[in-house]
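Results of the structural survey
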Amino acid sequence: MLEILILAIVQGISEFIPVSSSSHLIITSEYLNFKSSNLALDVSLHIGSFFAVIFYFRFEILKFLDNKILFLKILVSSIPVMIAGFLLVKFDIVNQLRNLKVIGWTTLLFGIILYFSDRFETSKNLSKNFSYKSAMIIGFFQVLSLIPGVSRSGITISSARLLKFNRVDSAKISFLLSIPTLAIVSIYGLREIFLSENPEFSFTNFIAIIFSFIFSYLTIKYLLLFLKKFSLNIFVVYRIILGLIILLISYL
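Throughout what follows, the structure given in this document is the object of discussion. Given the structure is predicted, the values throughout are model-derived calculations rather than measurements.

The next point concerns helix 2 (residues 21-31). Burial within helix 2 is extensive, with eight of its 11 residues counted as buried. If you check which residues of helix 2 are buried, you get Ser21, Ser23, His24, Leu25, Ile26, Ile27, Thr28 and Ser29. Trailing helix 2 by a residue or two, asparagine 33 shows a phi angle of about 55°, which is positive.

What follows is about the packing of aromatic side chains. Enumeration over the complete set of coordinates arrives at 11 aromatic pairs. Centroid distance phenylalanine 130 to phenylalanine 165: 6.3 Å. Interplanar angle 70°. Geometry classified as edge-to-face. Here phenylalanine 165 lies in the loop between helix 10 (152-162) and helix 11 (167-195) and phenylalanine 130 lies in the loop between helix 8 (126-129) and helix 9 (132-142), a separation of 35 residues in the sequence. Both residues of the pair, phenylalanine 130 and phenylalanine 165, count as buried. Following the ring pairs from residue to residue traces out a cluster consisting of Phe55, Tyr56, Phe57, Phe213 and Tyr217. The lysine or arginine in question, arginine 58, covers the ring of phenylalanine 55, its NZ or CZ lying 4.1 Å from the ring centre.

All right, on to empty space enclosed by the protein then. One pass over the full model with this rule turns up one cavity of 30 Å³ or more. For the largest cavity, the calculated volume is near 30 Å³. Along the walls of the largest cavity sit Phe110, Leu114, Val150, Gly154, Ile155, Ser158 and Arg239, which together make up its complete lining. Every element with two or more residues in the lining of the largest cavity is listed here: helix 7 (100-117) and helix 10. If one sorts the elements of the lining of the largest cavity by residue count, helix 10 sits on top with three residues. Broken down by class, the residue content of the lining of the largest cavity amounts to four nonpolar, two polar and one charged.

Below, the discussion takes up the nonpolar core. Counting 34 residues, the largest nonpolar core has Val53, Phe130, Ile138, Ile173, Phe175, Leu176 and Phe235 as the members making the most contacts within it. Elements with a contribution of two residues or more to this core: helix 3 (39-56), helix 5 (64-90), helix 9, helix 10, helix 11, helix 12 (203-227) and helix 13 (233-251). Ranked by the residues each element gives to this core, the list is headed by helix 11, at nine residues. Not counting residues within four places of it along the chain, the set of residues in contact with valine 53 comprises Phe16, Phe175, Ser178, Ile179, Leu182 and Ile220. Core analysis: the next-biggest nonpolar cluster, separate from the first, contains 10 residues, Ala8, Leu25, Phe34 and Ile207 among them.

We note that serine 20 has phi near 85°; this positive angle belongs to a residue other than glycine. Summarising the element assignment, serine 20 is placed in the loop between helix 1 (2-14) and helix 2.

To continue, consider the layout of surface pockets. Put simply, the largest pocket is a space of about 1,400 Å³. Lining the largest pocket are 41 residues, with Asp42, His46, Val94, Arg98 and Val185 positioned closest to its centre. Sorting the residues of the lining of the largest pocket by element identifies helix 1, helix 2, helix 3, helix 5, helix 6 (94-97), helix 10 and helix 11 as the ones contributing at least two each. When the residues that make up the lining of the largest pocket are grouped by side-chain class, the tally is 19 nonpolar, 15 polar and seven charged. The volume enclosed by the second largest pocket comes to roughly 160 Å³. Together, Tyr56, Phe57, Glu60, Asn67, Leu70, Leu126, Ser127, Asp169, Lys172 and Leu176 line the second largest pocket. Those elements that provide at least two residues to the lining of the second largest pocket are helix 5, helix 8 and helix 11. When residues of the lining of the second largest pocket are assigned to their parent elements, the largest contribution, three residues, is made by helix 11. Its residues placed into classes, the lining of the second largest pocket shows five nonpolar, two polar and three charged.

Rules used in this analysis
Residues numbered from 1 in each chain as written. Predicted model: local features only at pLDDT ≥ 70, side-chain atom pairs only at ≥ 80, totals over all residues. Heavy atoms only, no water. Buried < 20%, exposed > 50% of the residue type's maximum accessible area, 1.4 Å probe, protein only. Helix = DSSP H or I, 4+ residues; strand = E, 2+ residues; numbered from the N terminus. Phe/Tyr/Trp six-rings, centres within 6.5 Å; stacked < 30°, edge-to-face > 60°. Lys NZ or Arg CZ within 6 Å of the ring centre and 35° of its normal. 1 Å grid on protein atoms, 1.4 Å probe; cavity = no way out; pocket = protein on both sides within 12 Å on 5 of 7 lines; lining within 4 Å. Points joined across faces, edges and corners; volume = space filled by probe spheres on them. Nonpolar A, V, L, I, M, F, W, Y, C, P; charged D, E, K, R; others polar. Core = buried A, V, L, I, M, F, W, Y, C linked by side-chain atoms within 4.5 Å. Contact = heavy atoms within 4.5 Å.

What follows is the structure, given as structure tokens:
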């Protein structure tokens, strides 16, 4: 149960802050020698995050008719990563990218990109300036998040900041973009589980969903409050230090 709790904390926090949840789950499982990690658990953790972002934006979603253009833009923005993700899985490229050297370099380099993107003056907000053009640009940047260490939230926040959206709305765009992405990941994972020879989905998985939901929701809530007052520098410093440590370990 302790392993489930730790992985849920890692998933819930790192899914929505710009540090890469996939790389943190890989590193945590590998260096703590966790035995619980499997497809069913991974899917459970992502389902928890999916439910959290849905719950946080529940009022916007319930007012779908008023926000249908916004959600259409979110869907359009998610098309590139869905296509790219399908191709990576189909040609079994994903597993080739899941190694410490790749994670180290992407953690470092995209941390630096996050730093420079956060230096831009901001004059745009989600309600007035999130056009189909900006949605597609951010959507194409999001494709890079399929590489472990890049961070889906990191690259979407960076690209939104490069387009001069303010920090809070850049994070909101990132969170909204996570809805279709997490939905597809969850649906695909559940499909793989139920099509396998020995489908496993136990009480432990439901516990993982609950823990992941709690920590994901808290992360979304408090990150938005944090960004109203502070820059992204703390995440930049964290990524650079972590990236250098991973590279040092992987090349020695």
